[in-house]
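# Notes for the structure review
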Amino acid sequence: MPTRRILHLDMDAFYASVEQRDDPALRGKPVAVGGDAARRGVVAAASYEARTFGVHSAMSMARALRLCPSLVVVRPDFARYKAASDTIFALYRAVTPLVEPLSLDEAYLDVTENAWAEPLGVTIAKRLKIQIREATGLSASAGVAPNKFLAKIASGWKKPDGLTVIAPERVEAFLQGLPVDALWGVGPVTAGKLKAAGITRLVDVRAADPEVLRGAVGSSAEWLHRLAHGLDDRPVVPHHAPKSSGSESTYPTDLTDLAEMTREVEVMAHDAAAWLEKKALFARTVTLKVRYGDFTTVTRSHSDRATRDAGSLAARAASLLARTDAATRPVRLLGVSVHNLEETDVETSRPDAHPRLPWDD
Amino acid sequence: MELVVRKAEILRELQLFQGIVERKNTIPILANVLFDATTTELRLLATDLEVALSSRCEGIVTKPGTLTVPAKKLYEIVRALPDTDIRIVEEKGAVRVSADRFDSRIQTLPKDDFPTLPAPSHKQVATLPHAGLRQMVAKTQFAITGEDTRYFLNGAKFILKPGSLTLVATDGHRLAHVEVNCQTGLKAESGVILPKKTLIELGKLLSEFDGDVSFEAGENHLFFQLGGRTLVSRMIDGQFPAYERVIPKGNDKILEFDRDRLTNAVKRVALLSNERSRAVKFEVTTGSVDVTSSSSEFGDAREQIVVDYTGTPLTISFNAQYVLDFLNVVETDVVSLALKDEVSQAVMRPVAADGYNYTYVIMPMRI
């Protein structure tokens, strides 16, 4: 894969900043957006003033008030956050279609190719930060790096209003200085286990005994190993993967012939298989929907080994007909859909979805 | 430094260095080849710190000396010259390369920047037979990914025993295993992981040299000596996966194919396979195997191969490229495919191979 330019943009104390922007009386004050302390509310966002008292998100509001008695508690108003978020994402999408939202205020952008024909990720980050400020009055912190993992760490490096760049040639130096718990997914417990095994810096993972590593982080060992080498080839995915696909047909006159229904179902299963192939997905579940002449509707599902083989999907869908009253009742609608999709790696020409030999790991 | 070499002589050596020098240009000196001329010989040396090659070139040295020159540029120039004598003369900060009426001046880098390379100790030297080693390298190197972060898969496991050599490579999805029986001169068994680049360069050196290879494993480095050329390689540190366990023993459904017939059938049918998965199905029934494919975009294909088979029918799907990778490197007329069922790993072998045992394991695809 050629060197990518990935941006991670993270709005600073997003909800709290929107509140401070909209209510001048809140500016410069410790603000927490969240639920009522009396009703076991939690902090959804804390302003930087509140953070100096140790208030942070996901903390109970009662505890936040004990830490910071002068805390101004504001009930969340998601409509306003959503409006600000929409403005910001429109700015992102004007640069590249490869925008992957993580939440209302956080996104990855792949700007390897971009609408501004700008070769430097850092220039794009700078311009976006200015545009965000002009359009919303809010500040963002940005990380620029060759992949998602590094870009995310970079954006958290300097906050608020930060901009951190990890150029490809600086990745190694950057990794050398990184403690292992700088990774999301490595919490205090895991970090403790890793430390006990002599792994304090991320780069220590490289030389770690695979057994010890697996003991500490389980199945994430391989992933951690990649990260320790600064490798993360996850693509920036602009849309969330589809969860299902299917088609259905309402017939002008009700169907009564089972053979005809079977043919209809098989055609729809073939369509689903073609869709799976196009999306490079496999489905574990096939669902048949049958609406009888009297409008009562039933669905029947069958789950098995993931497949996208048209013949096998058609056979599975057709066999579901037997579990309905289709043979004895007129049918006005039939539908076939596939669910429980499993992905293949679309980024590589060699299919990573290709099954692995049965190693012990 | 001042010397004269024949174009053909220096070109052959420089060509071998093209794969060695570092391409990424992070350390400029690693793009250079070191010329070390003494009164009796010219030695050439290059490395990317993972692999190093040293070789000799015949020539007439009139003034001994040492310098480093960009390997790629020099190769391009030498290749473009007519077949004649080439004069190489050191100047201040540069080297003059001339032949016939051509004259050039190439900038050099300080020779003191060139890394020092480890030297073999000549203590535990094994003798590797040329033919066997060449077989092993050719039949395994394609199965190494080269870009896997499971670092041990970026190399091939090389096992040396007193009476045999084994080379194993895998990308996790398929595995190639070659064993050659030979007297290595070793007293004990040992195993190392060779980087992919080492295997590729070793393969090139083996095609340029006919004699047996001396091999020595140092503490961190491996040394392959092929006549006047020495390939030095770093060892990959790590645990190679327990490959013995993925080589199945009980695959009792055995098919034998004419190699050319199977190769051609898979190649033709694969033209209509899904472009991403490259899946081809083997529909095995009594007396025949139908190789089939289908692509939602283009259509489908089928070719029947007559085989001697009377077992249970079954259908199994493979990545066509994985099958062709194997077929492309074997030279026997007949190959076998041993199956257990639709989902377990399959084994391909050349039938009646001469002088080596080759086992190729492929994981079938989901269909």
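Definitions and cut-offs
Residues numbered from 1 in each chain as written. Chains lettered and ligands numbered in written order. Predicted model: local features only at pLDDT ≥ 70, side-chain atom pairs only at ≥ 80, totals over all residues. Heavy atoms only, no water. Buried < 20%, exposed > 50% of the residue type's maximum accessible area, 1.4 Å probe, protein only. Helix = DSSP H or I, 4+ residues; strand = E, 2+ residues; numbered from the N terminus. Pairing = 2+ DSSP bridges. Axes fitted to C-alpha atoms, helices over the stretch in contact; angles between N-to-C directions. Contact = heavy atoms within 4.5 Å. Left-handed = near helix turned anticlockwise from the far one by under 90°. Nonpolar A, V, L, I, M, F, W, Y, C, P; charged D, E, K, R; others polar. Lys, Arg positive; Asp, Glu negative; His and termini not counted. Salt bridge = Lys/Arg side-chain N within 4 Å of Asp/Glu carboxyl O. Polar contact = N/O pair within 3.5 Å; in protein donor to acceptor, adjacent residues only side chain to side chain. Arc of directions from axis to C-beta. Phe/Tyr/Trp six-rings, centres within 6.5 Å; stacked < 30°, edge-to-face > 60°. Buried area = accessible area lost by both parts, 1.4 Å probe. Parallel < 35°, antiparallel > 145°, perpendicular 65-115°, else oblique.

## Observations regarding the pairing of strand β2 (residues 32–37) of chain B
All names here are of chain B. The element β2 is extensively covered by neighbouring structure, given that 5 of its 6 residues are classed as buried. Strand direction decides the pairing type here: β2 and strand β6 (residues 65–70), joined by 6 bridges, are antiparallel. Paired with Leu34 across the two strands is Thr68, which belongs to β6. Where β2 lies against strand β3 (residues 42–47), 4 bridges are found, and the strand directions are antiparallel. Each bridged residue has a counterpart across the sheet, and for Ala37 the counterpart in β3 is Leu42. The turn joining β2 and β3, which pair antiparallel and follow one another in sequence, is formed by 4 residues.

## Regarding the sheet that holds strand β15 (residues 213–217) of chain B
Residues and elements named next belong to chain B. Strand order in the open sheet formed by 8 strands is β6-β2-β3-β4-β17-β16-β15-β10, with antiparallel pairing between adjacent strands. Looking along the sheet, the strands with just one partner apiece sit at the ends: β6 and β10 (125–128). Each adjacent strand pair in this sheet contributes to an overall mean axis angle of 20°, direction not counted. Against the sheet, helix α2 (residues 71–80) engages β2 and β6, with an angle of about 85° to β6. Helix-sheet contacts for helix α4 (residues 196–207) involve β4 (51–57), β15, β16 (221–226) and β17 (229–234), and the interaxial angle to β17 is about 170°.

## A look at the packing of helix α1 (residues 7–18) of chain B against α2(B)
All names here are of chain B. Interhelical geometry of α1 versus α2 gives an angle of 145° and a closest axis separation of 9 Å. Viewed along their axes, α1 and α2 form a crossing whose handedness is left-handed. In this structure, α1 contributes Lys7, Ile10, Leu11, Leu14, Gln15 and Gln18 to the contact, and α2 contributes Ala71, Lys72, Leu74, Tyr75, Val78 and Arg79. Its residues assigned to classes, the contact of α1 with α2 shows 7 nonpolar, 2 polar and 3 charged.

## Thoughts on the side chain of Asp110(A)
Residue and element names in this part refer to chain A. Examined against the element boundaries, Asp110 turns out to sit in strand β6 (residues 106–110). Despite being buried, Asp110 has no salt bridge partner; Arg4 is the closest side chain of opposite charge, sitting 4.6 Å away. Setting aside anything within four residues of it in sequence, one finds Asp110 in contact with Arg4, Arg5, Ile6, Thr96, Leu98 and Val236.

## Quick look at the side chain of Asn114(A)
All names here are of chain A. Here Asn114 lies in the loop between β6 and α5 (121–136). Judged by relative accessible area, Asn114 falls into the buried class, the value being 14%. There is a polar contact of 2.9 Å between the side chain of Asn114 and the backbone oxygen of Glu118. Apart from residues lying up to four places away in sequence, Asn114 is in contact with Val95 and Ile124.

## Some thoughts on helix α10 (residues 210–217) of chain A
All names here are of chain A. Taken as a whole, α10 has its buried residues at Leu213, Ala216 and Val217. Along the axis of α10, the buried residues cluster in a sector spanning 75°; they form a single face. Facing away from the buried surface of α10 by more than 90 degrees, the exposed residues are Glu211 and Gly215. Where α10 is buried, its residues contact α8 (188–196), α9 (204–207) and α11 (221–228).

## A short note on the packing of aromatic side chains
A complete count under the given rule lists 15 aromatic pairs over all chains for this structure. For the pair Phe89(A) and Tyr92(A), a centre-to-centre distance of 5.3 Å together with 75° between the ring planes defines the contact as edge-to-face. Linking Phe89(A) with Tyr92(A), this pair stays in helix α4 (residues 78–93), spanning 3 residues, or about one helical turn. Residue classification places Tyr92(A) among the buried residues on the basis of a relative accessible area of 1%. Summarising the aromatic geometry, the rings of Phe142(B) and Tyr360(B) are spaced 5.9 Å apart at their centres and angled 55° between planes, so their arrangement reads as tilted.

## A short note on the sheet that holds strand β4 (residues 72–74) of chain A
All names here are of chain A. Strand order in the open sheet formed by 3 strands is β3-β2-β4, with mixed pairing between adjacent strands. If you trace the sheet from one side to the other, it starts and ends with β3 (43–46) and β4, each paired once. Direction aside, neighbouring strands of the sheet carry axes that sit 30° apart on average. Looking at chain direction, strand β2 (residues 31–34) and β3 are connected through 3 bridges and run antiparallel.

## Some words on the interface of chain B and chain A
In this complex, chain B contributes 32 residues to the contact, which on the side of chain A involves 29 residues. Summed over both partners, the interface of chain B with chain A buries about 2900 Å², with 53% contributed by carbon and sulfur atoms. Counting every contact that joins chain B to chain A gives 1 salt bridge. The residue Lys281(B) makes a salt bridge to Asp309(A) at a minimum N-O spacing of 3.0 Å. Seen at the junction of chain B and chain A, the total is 3 residue pairs in polar contact (both at pLDDT 80 or more).

## Comments concerning the packing of helix α3 (residues 130–140) of chain B against α4(B)
Packed helix pairs are specified by the crossing angle of their axes together with the interaxial distance, meaning the distance between the axes. Residue and element names in this part refer to chain B. Taken N-terminus to C-terminus, the directions of α3 and α4 make an angle of 140°; their axes are 10 Å apart at the nearest point. With respect to α4, the axis of α3 lies oblique. Here α3 and α4 pass one another in a crossing that is left-handed. Seen from α3, the contacting residues are His130, Leu133, Arg134, Val137 and Thr140; seen from α4, they are Leu199, Leu202, Gly203, Leu206 and Ser207.

## Notes on unusual backbone geometry
Between Lys159(A) and Pro160(A) the backbone carries a cis peptide bond, its omega angle lying at -10°. Non-glycine residue Asp100(B) carries a positive phi angle of around 55°. Counting through the fold element by element, Asp100(B) comes out in the loop between β8 (94–99) and β9 (102–107).

## A look at the pattern of salt bridges
Evaluated as defined, the whole model comprises 45 salt bridges over all chains. A salt bridge links Asp10(A) to Lys159(A); the shortest N-O distance between them is 3.7 Å. Of this pair, Asp10(A) sits in strand β1 (residues 6–11) while Lys159(A) sits in the loop between α6 (148–157) and β8 (163–165); the two residues are 149 residues apart in sequence, bridging distant segments of the chain. The buried category is assigned to Asp10(A), whose relative accessible area is 15%. Residue Lys159(A) is classed as partly exposed on the basis of its relative accessible area, which comes to 30%. Taking the shortest distance from any N to any O, the salt bridge between Arg56(B) and Glu41(B) comes out at 2.6 Å. One end of the pair, Arg56(B), is in strand β4; the other, Glu41(B), is in the loop between β2 and β3, with 15 residues separating them in the sequence.

## Quick word on the environment of Leu178(A)
Residues and elements named next belong to chain A. For Leu178, the position within the fold is in the loop between α7 (171–176) and α8. Residue classification places Leu178 among the buried positions, given a relative accessible area of 0%. Placed 26 residues apart in sequence, Leu178 and Asp204 show a C-alpha to C-alpha distance of 10.0 Å. Apart from the residues lying within four places of it in its own chain, the contact partners of Leu178 are Ile153, Trp157, Arg201 and Leu202.

## What to know about the environment of Val323(B)
All names here are of chain B. Looking at the element boundaries, Val323 is found in helix α6 (residues 320–329). A relative accessible area of 1% means that Val323 is categorised as buried. A sequence separation of 38 residues divides Val323 from Val361, and the C-alpha atoms of the two residues are 9.8 Å apart. Filtering out sequence-adjacent residues up to four positions away, Val323 remains in contact with Val266, Phe318, Met348 and Ile362.

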